[in-house]
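# Fold and geometry: a report
These are the residues of each chain, in order.
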Amino acid sequence: MSASQNSDTMTSPLILAVLPGDSHYSYVSQQLEKIPGANVRLLRIKSMYDDPNDEALGDLSQVEVYFGSMTFFSKIVHRCVNLRWAQSVAAGSDAIWKTLKNKQLKPWFTYTRNAISFSQPMAEYVIGQIIAVHRGFYIMRDQQTQAVWNKSYPLMCSKAIDDVVCILGLGVIGTEVARLCKVFGMEVWGVTRTPVPQDQKKTFVDQYRLMKDIDEVLENSDFIVSLLPSTDETRGILSDRRFSVCRKKPAFINVGRSDVTDEDSILEALRKGWISWAVLDVFDEEPLPASSPLWHEPRVVVTPHISGAISKGDHSVKVYNKLCLSTTGLSGVVIKREIIVTLRESVMFVTNA
């Protein structure tokens, strides 16, 4: 290492990067070699659910920037006493805020998250599931295992064009889901927390509703897509007998947070015919226990929290590169506000200490 590089390292904020899986770790390791002076402590974990390894983590009191899984970070945040900035690779933020609340801590760092990386793959997942349910792909798969040849009407219907899809949560990801559903000709309803000004409404959203209108939304839905976060307002909003207002037996697709409803409410809704399908990518306990009745319930589709899966070369890794470039050579005393500007396309909200 040259003298100039050594100087950069001495003055650069210490970044702790925690990456699940081999592919992201290998890619980022290679990229680090191209960034002179980056002061990064890189840690590979098997999954975001891993428990912290103190020996591998080292002294966290010197860490000023964190990049990686917020689920993992929530287990160590209280030890990062000099943290200035945390950049999540994911869109969700409830894990870290829940931890801070439980520990009665107020944020002392800037927090930014990454939603843009997941808008396209999650929209593709949703439209794929809509088509699979509507065209009877899962039913045909079951028939194949029984060697049954059935060309009955439900499997012959040609399109979901006339169906109403109601999207709960019109953030970056929900907006892309809405756009893609409109490409397929569906009538799109969007539910937001606050009113959307007229000049900000999207042409591909036919109807806007608020959370207080949830019963009207469910009543008119052929497909219900939840992208809701976990908040005091959203937890349990689809629990108990809320699905009983559904008059069109919609399919329920959840790619947001699992606690908007619960397992018993979903099972009751299916068994009583309030909803026709439940496509679930998120669960209260992950991995989903083998004992869960959801695994074997007819018309339940279980996927292992992969609706937002992206490749190692996608945007979240590019965010990491920008993070390293932005912090290299900066004073370790404070993370300047200008850094956030360089991550404009990945920053959905900023919380300041």
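Rules of the game
Residues numbered from 1 in each chain as written. Predicted model: local features only at pLDDT ≥ 70, side-chain atom pairs only at ≥ 80, totals over all residues. Heavy atoms only, no water. Helix = DSSP H or I, 4+ residues; strand = E, 2+ residues; numbered from the N terminus. Buried < 20%, exposed > 50% of the residue type's maximum accessible area, 1.4 Å probe, protein only. Contact = heavy atoms within 4.5 Å. Phe/Tyr/Trp six-rings, centres within 6.5 Å; stacked < 30°, edge-to-face > 60°. Salt bridge = Lys/Arg side-chain N within 4 Å of Asp/Glu carboxyl O. Core = buried A, V, L, I, M, F, W, Y, C linked by side-chain atoms within 4.5 Å. Expected span 1.5 Å × (residues − 1).

Looking only at helices and strands, one finds 13 helices and 12 strands in the protein chain. For the protein chain, the residues scored as buried account for 48% of the 353 residues in total. The long-range fraction of contacts in the protein chain, counting pairs at least 24 apart against all pairs at least 6 apart in sequence, stands at 65%.

This paragraph deals with the packing of aromatic side chains. For the coordinates displayed, the defined rule picks out six aromatic pairs. Seen in terms of ring centroids, phenylalanine 73 and phenylalanine 109 are 6.1 Å apart; in terms of plane orientation they differ by 80 degrees. Their pairing is edge-to-face. One end of the pair, phenylalanine 73, is in helix H4 (residues 70–73); the other, phenylalanine 109, is in the loop between helix H5 (94–102) and strand S5 (110–112), and 36 residues separate them in sequence. Taken as a pair, phenylalanine 73 and phenylalanine 109 share a single burial class, namely buried. With 5.3 Å between their ring centres and 70 degrees between their planes, tryptophan 97 and tyrosine 111 make a pair best called edge-to-face. Of this pair, tryptophan 97 sits in helix H5 while tyrosine 111 sits in strand S5, and the two are 14 residues apart along the sequence. Among the residues examined, tryptophan 97 registers a relative accessible area of 23% and is labelled partly exposed. Each member of the aromatic cluster is reached from another via a ring pair, and the members are Tyr66, Phe73, Trp108 and Phe109.

Per the counting criterion, the structure on display carries 13 salt bridges. For aspartate 51, the salt bridge goes to lysine 75, with nearest N and O atoms at 3.5 Å. Of this pair, aspartate 51 sits in the loop between strand S2 (40–45) and helix H3 (54–57) while lysine 75 sits in the loop between H4 and strand S4 (85–88); the two residues are 24 residues apart in sequence, bridging distant segments of the chain. Among the salt bridges present, the one from arginine 271 reaches glutamate 297, with a minimum N-O distance of 2.9 Å. On the criterion of sequence distance, the pair formed by arginine 271 in helix H11 (residues 263–271) and glutamate 297 in the loop between strand S11 (277–280) and strand S12 (300–302) is long-range, its members being 26 residues apart. Under the relative-accessibility criterion, arginine 271 is labelled exposed at 56%. On the basis of relative accessible area, glutamate 297 is assigned to the buried category, the value being 13%. It is possible to trace a salt-bridge network through shared partners that takes in Arg241, Glu268 and Lys272.

Right, let's talk about the nonpolar core for a bit. By size, the foremost hydrophobic cluster in this structure holds 32 residues, and its most contacted members are Ile130, Val165 and Ile167. Of all the secondary-structure elements, those providing two or more residues to this core are helix H6 (116–134), strand S6 (164–168), helix H9 (172–183), strand S9 (223–226), strand S10 (251–254) and S11. Residue contributions to this core peak at eight residues, all from H6. Contact partners of valine 165, with chain neighbours within four places excluded, come to Ile130, Cys181, Met186, Glu187, Val188, Trp189, Phe223 and Val225. Counting residues in each nonpolar core, the second largest holds 29 residues, with Cys166, Phe252, Leu270 and Phe283 among its members.

Helix length check: H9 (12 residues) gives 17 Å between terminal C-alpha atoms against 16 Å at 1.5 Å per residue, within 8%. The set of residues buried in H9 consists of Ile173, Gly174, Glu176, Val177, Ala178, Leu180 and Cys181. Its buried side turned inward, H9 meets H6, S6 and strand S7 (187–192). Of the residues flanking the end of H9, it is glycine 185, one or two places downstream, whose phi is positive at about 85 degrees.

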